[in-house]
Amino acid sequence: MNILVINSGSSSLKFKLFKDDKVLVKGIIERIGKTVPNHEKAIEKVGSLLKKHSVDAVGHRVVHGGEDFTKSVIIDNTVIKAIKKNSKLAPLHNPANLAGIKACKKLFKCPQVAVFDTAFHQTMEKKAFLYPIPYKYYQDNKIRKYGFHGTSHEYVYNQVKEKKVITCHLGNGASICAIDNGKVIDTSMGLTPLEGLMMGTRSGDLDPGVIFQLSKKMSLNKIEKMLNNESGLLGISGISSDMRDLKHNKNERAKLAVEMFHHRVIKYIGAYAALLKGVEAIIFTGGIGENSEYNRKEIIKNLSYLKTKFYVIPTDEEKFIAQKTYLTITT
Ligand code: ADP
């Protein structure tokens, strides 16, 4: 069976055609909204690149499933409405995901499946996912922790036999997850991907008071942009958001950025080991986690108090989306 995996973003669309676990064709359509007018035209391009192959099902990465989706689902009109409803929680991502879904529905007459970044984390309990603010904001506005990178955390978790595991997805975006017997105990990203670890350009955790202080001299829009795009490794180093440029850099602020990155990963691992009451395995994945022995060592050397195994497991979100798509349409 040939399964097409689509990751439709606002300005680019990545695709991979799988036959079982083998990739037949892959590519990226860039500059949507500029050179390529819209997602429909982008999907038509994908269609023409795949014309030698059959497409038996399409699996779509959807960023935000809110509380509506705890697993992958076949896309029908109800699902489309729910993804649209959750756009208010992911205004940059869900509309782009939906545009890809709609274009594919027109072009490929086969089952379409939505695989949600948030679904795996729906196993979290209320005590972990609620923010301690008045309850009505959860009831009325669904303000809570959702968590992201769910397909990556679940995929690497499934590759090991241990049950109490901390998965560290350390890439440009970074998040960490405590998992006990397949159930998420806690995860570092929140209502949005801004919470948690220090990232390439995102701040991760900070006192919300910082925002109030800064709002006296900056607009909220500017603060949002600063926290998402100008902070993290880039903000501290002033040099780069890319760990490769920083990890052996002699510059004081580059060194500080790398130390802060490690400090925060070590802190989360300690907290999650406590929640799990002991950890059997810690998995590193994502661009930094998979490729950088230096960063892994700097983190691991602070964790000798834990009796745990360490693994490096390359994540493969597209393959996992293809597998989930297959399982969703066959069971
Ligand atoms: P994304 O979150 O965009 O999916 P990736 O998981 O692909 O990101 O990670 C990309 C990041 O991984 C790069 O920005 C870079 O910081 C980091 N990276 C990749 N290779 C290495 C390496 N050898 N050493 C340190 N960092 C690396």
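Overview of the structure. Just so it is clear, the model here is predicted, and its values are computed rather than measured.

Rules behind the numbers
Residues numbered from 1 in each chain as written. Predicted model: local features only at pLDDT ≥ 70, side-chain atom pairs only at ≥ 80, totals over all residues. Heavy atoms only, no water. Phe/Tyr/Trp six-rings, centres within 6.5 Å; stacked < 30°, edge-to-face > 60°. Helix = DSSP H or I, 4+ residues; strand = E, 2+ residues; numbered from the N terminus. Buried < 20%, exposed > 50% of the residue type's maximum accessible area, 1.4 Å probe, protein only. Lys NZ or Arg CZ within 6 Å of the ring centre and 35° of its normal. Near = heavy atom within 4 Å. Polar contact = N/O pair within 3.5 Å; in protein donor to acceptor, adjacent residues only side chain to side chain. Areas by Shrake-Rupley, 256 points an atom, 1.4 Å probe, with all protein chains shown as cover. Expected span 1.5 Å × (residues − 1). Pairing = 2+ DSSP bridges. Contact = heavy atoms within 4.5 Å. Axes fitted to C-alpha atoms, helices over the stretch in contact; angles between N-to-C directions. Core = buried A, V, L, I, M, F, W, Y, C linked by side-chain atoms within 4.5 Å. Parallel < 35°, antiparallel > 145°, perpendicular 65-115°, else oblique. Left-handed = near helix turned anticlockwise from the far one by under 90°. Nonpolar A, V, L, I, M, F, W, Y, C, P; charged D, E, K, R; others polar.

**Concerning the packing of aromatic side chains**
Two aromatic rings, taken as a pair, are described by how far apart their centres are and by the angle between their planes.
So, step 1. One pass over the full model with this rule turns up 6 aromatic pairs.
So, step 2. Their ring planes at 10 degrees and their centres at 4.2 Å tell us that F69 and F116 sit as a pair that is stacked. In this pair, F69 sits in the loop between β4 (57–62) and β5 (73–74) while F116 sits in strand β6 (residues 112–116), placing the two residues 47 residues apart along the sequence. The same class applies to F69 and to F116, which are both buried.
So, step 3. Here the aromatic cluster, defined as three or more aromatic residues joined through ring pairs, consists of F129, Y135 and Y138.
So, step 4. Sitting over the ring of Y138, K142 keeps its end group 5.2 Å from the ring centre.
So, step 5. The lysine or arginine in question, R144, covers the ring of F129, its NZ or CZ lying 3.5 Å from the ring centre.

**Description of the site of the ligand**
So, step 1. In the region of the ligand, the neighbouring residues are G171, N172, G173, D242, M243, R244, K247, G286, G287, I288, N291 and S292.
So, step 2. Between G287 and the ligand, the recorded distance is 2.9 Å, taken from a backbone N or O atom to an oxygen atom.
So, step 3. When isolated, the ligand has an accessible area of 580 Å², and the protein chains bury 69% of it.
So, step 4. Of all the elements in the fold, those that place two or more residues in the shell around the ligand are α10 (243–246) and α12 (286–291).
So, step 5. Take the shell around the ligand: its biggest share by element is 4 residues, from α12.

**A word on helix α11 (residues 252–276)**
So, step 1. Its 25 residues give α11 an end-to-end C-alpha distance of 36 Å, which sits within 8% of 36 Å, the value for a rise of 1.5 Å per residue.
So, step 2. The complete set of buried residues in α11 reads A254, A257, V258, F261, H262, V265, I266, Y268, I269, Y272, A273 and L276.
So, step 3. One side-chain oxygen at the N-terminal end of α11 lies 2.8 Å from the backbone nitrogen of R253; it belongs to N251.
So, step 4. Backbone geometry just downstream of α11 places K277 in the positive-phi region, at approximately 55 degrees.

**As for the sheet that holds strand β1 (residues 2–8)**
In a beta sheet, neighbouring strands are held together by backbone hydrogen bonds and run either parallel or antiparallel to one another.
So, step 1. Sheet architecture is open: 6 strands sit in the order β3-β2-β1-β4-β6-β5, paired in mixed fashion. Of all the strands in the sheet, just β3 (22–29) and β5 have a single pairing partner and so form its edges.
So, step 2. Note: β1 against β4, 4 bridges, orientation parallel. Bridge pairing in β4 links I6 to H60.
So, step 3. On the sheet, helix α1 (residues 39–49) packs against β1, β2 (13–19) and β3 and is oriented at approximately 30 degrees with respect to β2.
So, step 4. Across the sheet, helix α3 (residues 94–107) touches β1, β4 and β6, and the angle it forms with β4 is around 170 degrees.

**Quick look at the nonpolar core**
So, step 1. Judged by nonpolar contacts, the single largest core of 34 residues is most densely connected at I166, L170, I269 and I282.
So, step 2. Going through the elements one at a time, β7 (164–170), β8 (174–180), α10, α11 and β10 (281–285) are the ones with two or more residues in this core.
So, step 3. With 11 residues, the top contributor of residues to this core is α11.
So, step 4. Residues contacting I269, with those up to four places away along its chain left out, are I166, C168, I176, I282, I299, L303 and L306.

**What about the packing of α1 against α3?**
So, step 1. Running from amino to carboxyl end, α1 crosses α3 at an angle of 50 degrees, the nearest separation of the two axes being 8 Å. Looking at the two axes, α1 sits oblique to α3. Note that α1 runs across α3; the crossing there is right-handed. Packed against α1, whose contacting residues are H39, E40, I43, E44 and G47, the element α3 presents A96, A99, G100, A103, C104, K106 and L107 at the interface.
So, step 2. Broken down by class, the residue content of the contact of α1 with α3 amounts to 6 nonpolar, 3 polar and 3 charged.

As far as function goes, none of this settles anything; it's purely spatial.
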